[in-house]
Amino acid sequence: MNCDRLFNLVCQYGNVSKIFFMKTKPGCAMIEMGDHDGAQRLVSNLQSTLLFGNKLQLDLSKKHIRITNAPLEFKLDDGTNSVKDFITDWKLNRFNTKEMARKNRILSPTKVIHFYGVSRDMTELDIEKLFEEYCAPPPHKVKFVESKKEREGGNNEDRSGVGLAYFNSIEEATEALVLVNHRDIAGKMIK
């Protein structure tokens, strides 16, 4: 696990400000959300979720509203930094404006991942290969769906592809999300 992968999971519940892993407590991280509501959504939706064979245990901090003294950085097992600030890269966050926040569907993890941002030229097989490329569990079914604009009869040629990826278990879908979310594919960021 690293900061970017953890971000891929928690960004669905609110804007993420910072993530850091603790050297003295392996497997433990602190996540600073943009607001208290996001932190509460995170805890209530991800508590006890299975991820890479481990059950997530989440608690709201009783003494920190903002992380002011992050621990010293160190290298994680994969060579990435143990601390990352996501405030400077807000394009990855999904709750930056009221309109953006309204579009988010707050759900606990399920066996289905909704994706968007892929090229409209991609096929179901291309999506399956994408998961394999990033060593993620592959979906057993991929289905492209019409965007809201297309359903309402509008032209959507300049927009990206939207679809659903179906997995055998919630844990597989969650792991796939962690490994593939926010990847750049042919100049488009998938979410």
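Look above for the structure.
Quantities reported herein were computed from a predicted structural model and do not represent experimental measurements.

Asker: Just give me the short version of the pattern of salt bridges, but keep the residues and values in it.
Answerer: Summed over all chains, the structure comprises one salt bridge. Among the salt bridges present, the one from lysine 84 reaches aspartate 4, with a minimum N-O distance of 2.7 Å. Of this pair, lysine 84 sits in strand β5 (residues 83-85) while aspartate 4 sits in helix α1 (residues 3-10), and the two are 80 residues apart along the sequence. Judged by its relative accessible area of 30%, lysine 84 is partly exposed. We classify aspartate 4 as partly exposed; its relative accessible area is 35%.

Asker: Lay out the sheet that holds β5 in plain terms, naming residues and giving numbers.
Answerer: Pairing is antiparallel in the open sheet, where three strands are placed in the order β2-β1-β5. Since the sheet does not close on itself, it has two edges, and those belong to β2 (29-33) and β5, each with one partner. Strand-to-strand twist of the sheet, defined as the mean angle between neighbouring strand axes without regard to direction, takes the value 10 degrees. Relative to β2, strand β1 (residues 16-21) is paired through five bridges, and the arrangement is antiparallel. By the bridge assignment, phenylalanine 21 is partnered in β2 with alanine 29.

Asker: Describe unusual backbone geometry, and please don't skip the residues or the numbers.
Answerer: Here phenylalanine 52, not a glycine, exhibits a phi torsion of approximately 50 degrees, which is positive. By the secondary structure assignment, phenylalanine 52 is in the loop between β3 (50-51) and β4 (54-55). Judged by relative accessible area, which is 37%, phenylalanine 52 ranks as partly exposed.

Asker: Break down the environment of methionine 22 for me, with residues and values.
Answerer: If you trace the backbone, methionine 22 turns up in the loop between β1 and β2. Sequence spacing of methionine 22 and phenylalanine 74 is 52 residues, and the spatial spacing of their C-alpha atoms is 9.1 Å. With residues near it in sequence (within four places) discarded, methionine 22 still touches Cys28, Met30 and Phe74.

Asker: Provide a residue-level description of helix α4 (residues 124-133), including the pertinent values.
Answerer: Regarding α4, the residues found buried are Ile127, Leu130 and Phe131. All buried residues of α4 lie within an arc of 95 degrees about the axis, which places them on one face of the element. Looking at α4, the residues exposed on the side facing more than 90 degrees away from the buried face are Glu132 and Glu133. In this structure, the buried residues of α4 make contact with β6 (112-118), β7 (141-144), β8 (161-166), α6 (170-180) and β9 (184-185).

Asker: Now, about the packing of aromatic side chains: what can you tell me, with residues and values included?
Answerer: Following the criterion strictly, the structure yields three aromatic pairs and no others. Between phenylalanine 131 and phenylalanine 167, the aromatic rings sit 5.5 Å apart at their centres with planes inclined by 80 degrees, giving edge-to-face as the arrangement. Separated by 36 residues along the polypeptide, phenylalanine 131 in helix α4 and phenylalanine 167 in the loop between β8 and α6 bring together distant segments of the chain. The ring of tyrosine 166 carries lysine 141 above its face, with NZ or CZ at 5.1 Å from the centroid.

Cut-off values and rules
- Residues numbered from 1 in each chain as written.
- Predicted model: local features only at pLDDT ≥ 70, side-chain atom pairs only at ≥ 80, totals over all residues.
- Heavy atoms only, no water.
- Salt bridge = Lys/Arg side-chain N within 4 Å of Asp/Glu carboxyl O.
- Helix = DSSP H or I, 4+ residues; strand = E, 2+ residues; numbered from the N terminus.
- Buried < 20%, exposed > 50% of the residue type's maximum accessible area, 1.4 Å probe, protein only.
- Pairing = 2+ DSSP bridges.
- Axes fitted to C-alpha atoms, helices over the stretch in contact; angles between N-to-C directions.
- Contact = heavy atoms within 4.5 Å.
- Arc of directions from axis to C-beta.
- Phe/Tyr/Trp six-rings, centres within 6.5 Å; stacked < 30°, edge-to-face > 60°.
- Lys NZ or Arg CZ within 6 Å of the ring centre and 35° of its normal.

Function-wise, these values are silent; they only describe arrangement.
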